[in-house]
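Listed below are the residues making up each chain.
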Amino acid sequence: MSKLYLHDTLSRKKKKFEEIKPGEVGLYTCGPTVYNYAHIGNLRTYIFEDILKRVLKYNGYKVKHVMNITDVGHLTGNMDMGEDKLEKGARREGKTAWEIAKFYEKAFINDLKKLNIEMPDKWTRATEYIDEQINLIKVLENKGYTYKTSDGIYYDTSKFKNYNKLSHLDIETLREGARVEKNEEKKNPTDFALWKFSPHGKKRQMEWESPWGIGFPGWHIECSAMSMAELGDNLDIHCGGIDHINIHHTNEIAQSEAAYPDKNFFNYWLHGAFLNIQGGKKMAKSDDNFLTLQNTFLDKNIDPLVYRFACLQTHYRKPMEYSEEAMKNAEKGLNHLKNQFRNFGEISGKVSEEFKSKFLEEINNNLNMPKALAVVQEMLKSDLSNEDKKATLLEFDSEILGVGITDLDIKVGDDIKILEQQRLKARKEKNWQESDRLRDEIEDMGYIVEDSKDGMRIIRK
Ligand code: AMP
Ligand code: ZN
């Protein structure tokens, strides 16, 4: 079996994957802050992580996957300033912060299911690990890494050697980035809150007693405390989007390795590139018009797995640009694949060892999904029997791709409906040339057009 290679942000290299405990992998993926719907940019990162987990399993590893739900402590400014995003969401919707968290957590899980993303073995909610977070802060306090300001307990980043080891930026550049939010009481701009006090004379909806006063944990401490609590000695792989490198993950490493210097806080760090909107701008929750799975796919009757398929066509370390055009092409490609699968007849063949090993080589080369999809195409064009093609495609899809190849219910999307209306109009106007052109266009998208004297019928190929 070919070896698995993964690109590690920490060493900036593609490294052969070696687990800590034989045959087991601990995987921690930073989860959502549940104050709003996930946008399809966030979902791109979760799709990449799902592929990683499936690839690990396909290589025979037993994976323990933990994902957090940030339901407290993530402030609107990333550097411990501003309002708690959950409390802000609660104000926006006239609900409690707890209701907001519950509602958006459910919406998030629904999105994952629609994208065929396997559920983690363990969900960890920040509000359910307050003791673990307090204990970790106590360890840091005992070791002299903390100091107190008027609004909380802070981590002194100047005391941690190699604070920049994940970002590979010089300290001054990191400090410059952190100066965006001014906090005169911090010793260094990169210092961050471990525990924040509830504002004087004001009761927060989410707050807890602590040795330092009533308040709530900072955002970074949750991932350190929860990953160590749940993965114990299996601190193998930690993932997130690239925006987490310079602050969130840098701070997680600083806290965890300051508290427990004898072991690496995760051996491999993998980061997914952004989904951008046209023009190269990052899709962000703070922009109010972000795209969700609901408004971009489900409302338009487009199968969400079209998005998954589109994501697989770009390597996870490369930026991807969203456009309707790209989604239309992905829909066409996916429908074509499903039609081929359907037309191969019974599933009575066997998986081709030759193509399985080619496929494995690509997915094991730092999850090169575009190349893995090229292997799928090569296999489909090869002289394998239809039965073997069907069995091979089925295995690739059920184990890794997850694009729902067996789902024969191809939806007639809005695009087709629009073309249908245009063609009916052309026919009424006896514009046969346009009518033929539109028929070709619909057929190119994987459908058959049948004309009758009463109108026309569009069916799957
Ligand atoms: P958040 O809910 O903002 O903490 O983000 C959840 C996950 O989505 C994190 O791993 C982020 O790094 C990632 N993320 C945020 N914006 C984007 C984007 N535009 N494209 C891809 N991933 C993103
Ligand atoms: Zn995290």
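Given the structure is predicted, the values throughout are model-derived calculations rather than measurements.

**Student:** Please set out the coordination of the zinc ion (ligand 2) residue by residue, giving values where relevant.
**Tutor:** Surrounding the zinc ion (ligand 2) are the protein donor atoms Cys30 (SG), Cys223 (SG) and His248 (NE2), which sit 2.0 to 2.2 Å from the metal. Counting residues between consecutive donors of the zinc ion (ligand 2) along the chain gives the motif C-x192-C-x24-H. One end of the pair, Cys223, is in helix α6 (residues 219-231); the other, His248, is in helix α7 (residues 245-259), and 25 residues separate them in sequence. As far as burial versus exposure is concerned, Cys223 and His248 are alike and both buried.

**Student:** I'd like to hear about the packing of aromatic side chains, residue by residue, with values.
**Tutor:** What the rule picks out here adds up to 19 aromatic pairs. Judged by centre distance (6.5 Å) and plane angle (45°), the rings of Tyr28 and Phe266 are tilted. Of this pair, Tyr28 sits in strand β3 (residues 24-29) while Phe266 sits in the loop between α7 and β11 (268-272), and the two are 238 residues apart along the sequence. The class of Tyr28 is buried, set by a relative accessible area of 0%. Residue Phe266 is classed as buried on the basis of its relative accessible area of 0%.

**Student:** Any details on the site of ligand 1? Residues and values, ideally.
**Tutor:** Surveying the vicinity of ligand 1 reveals 18 residues, the closest of which are Gly41, Thr45, Asp243, Leu275 and Met283. Asn42 places a polar side-chain atom, nitrogen or oxygen, 3.0 Å from an oxygen atom of ligand 1. Within the side chain of Thr45, an N or O atom sits 2.7 Å from a nitrogen atom of ligand 1. Those elements giving two or more residues to the shell around ligand 1 turn out to be α1 (40-58) and β10 (237-241). Sorting elements by how many residues they give to the shell around ligand 1 places α1 first, with four residues. Taken together, the residues that form the shell around ligand 1 break down as six nonpolar, nine polar and three charged. Mapping the shell around ligand 1 onto the domain boundaries places at least three of its residues in each of domain 1 (21-272) and domain 2 (276-401).

**Student:** Residue-level account of the packing of helix α9 (residues 305-312) against helix α10 (residues 324-343), with values.
**Tutor:** The geometry of α9 relative to α10 is characterised by a closest axis approach of 9 Å and an angle of 100° between their N-to-C directions. The angle between α9 and α10 places the two elements in the roughly perpendicular class. Contacts between α9 and α10 involve Leu305, Val306, Tyr307, Phe309 and Ala310 from the first element and Met327, Ala330, Glu331, Gly333, Leu334 and Leu337 from the second.

**Student:** Please give an account of the environment of Ile442 that cites residues and values.
**Tutor:** Structurally, Ile442 can be placed in helix α15 (residues 432-444). Between the C-alpha atom of Ile442 and that of Ser198, which follows or precedes it by 244 residues, the distance is 59 Å. Setting aside residues no more than four positions away along its own chain, Ile442 makes contact with Ile416, Leu419, Glu420, Tyr447, Val449, Met456 and Ile458.

**Student:** Lay out the sheet that holds strand β5 (residues 122-125) with the relevant residues and their values.
**Tutor:** Taken together, the five strands give an open sheet; going across it, the order is β5-β4-β3-β10-β11, and neighbouring strands pair in parallel fashion. The open sheet has two free edges, formed respectively by β5 and β11, since each of these has just one partner strand. Neighbour-to-neighbour, the strand axes of this sheet turn through a mean angle of 20°, independent of strand direction. Strands in contact with α1 are β3, β4 (62-69), β10 and β11; relative to β10, the strand with the most contacts, it is inclined by about 155°. The strands touched by α6 are β3, β4 and β5; relative to β4, the strand with the most contacts, the crossing angle is about 150°.

Calculation rules
- Residues numbered from 1 in each chain as written.
- Chains lettered and ligands numbered in written order.
- Predicted model: local features only at pLDDT ≥ 70, side-chain atom pairs only at ≥ 80, totals over all residues.
- Heavy atoms only, no water.
- Donors = N, O, S within 2.8 Å, 3.2 Å for Na, K, Ca; no water.
- Helix = DSSP H or I, 4+ residues; strand = E, 2+ residues; numbered from the N terminus.
- Buried < 20%, exposed > 50% of the residue type's maximum accessible area, 1.4 Å probe, protein only.
- Phe/Tyr/Trp six-rings, centres within 6.5 Å; stacked < 30°, edge-to-face > 60°.
- Near = heavy atom within 4 Å.
- Polar contact = N/O pair within 3.5 Å; in protein donor to acceptor, adjacent residues only side chain to side chain.
- Nonpolar A, V, L, I, M, F, W, Y, C, P; charged D, E, K, R; others polar.
- Domains from an automatic or database assignment.
- Axes fitted to C-alpha atoms, helices over the stretch in contact; angles between N-to-C directions.
- Parallel < 35°, antiparallel > 145°, perpendicular 65-115°, else oblique.
- Contact = heavy atoms within 4.5 Å.
- Pairing = 2+ DSSP bridges.

These results come straight from atomic positions and should not be treated as a statement about function.
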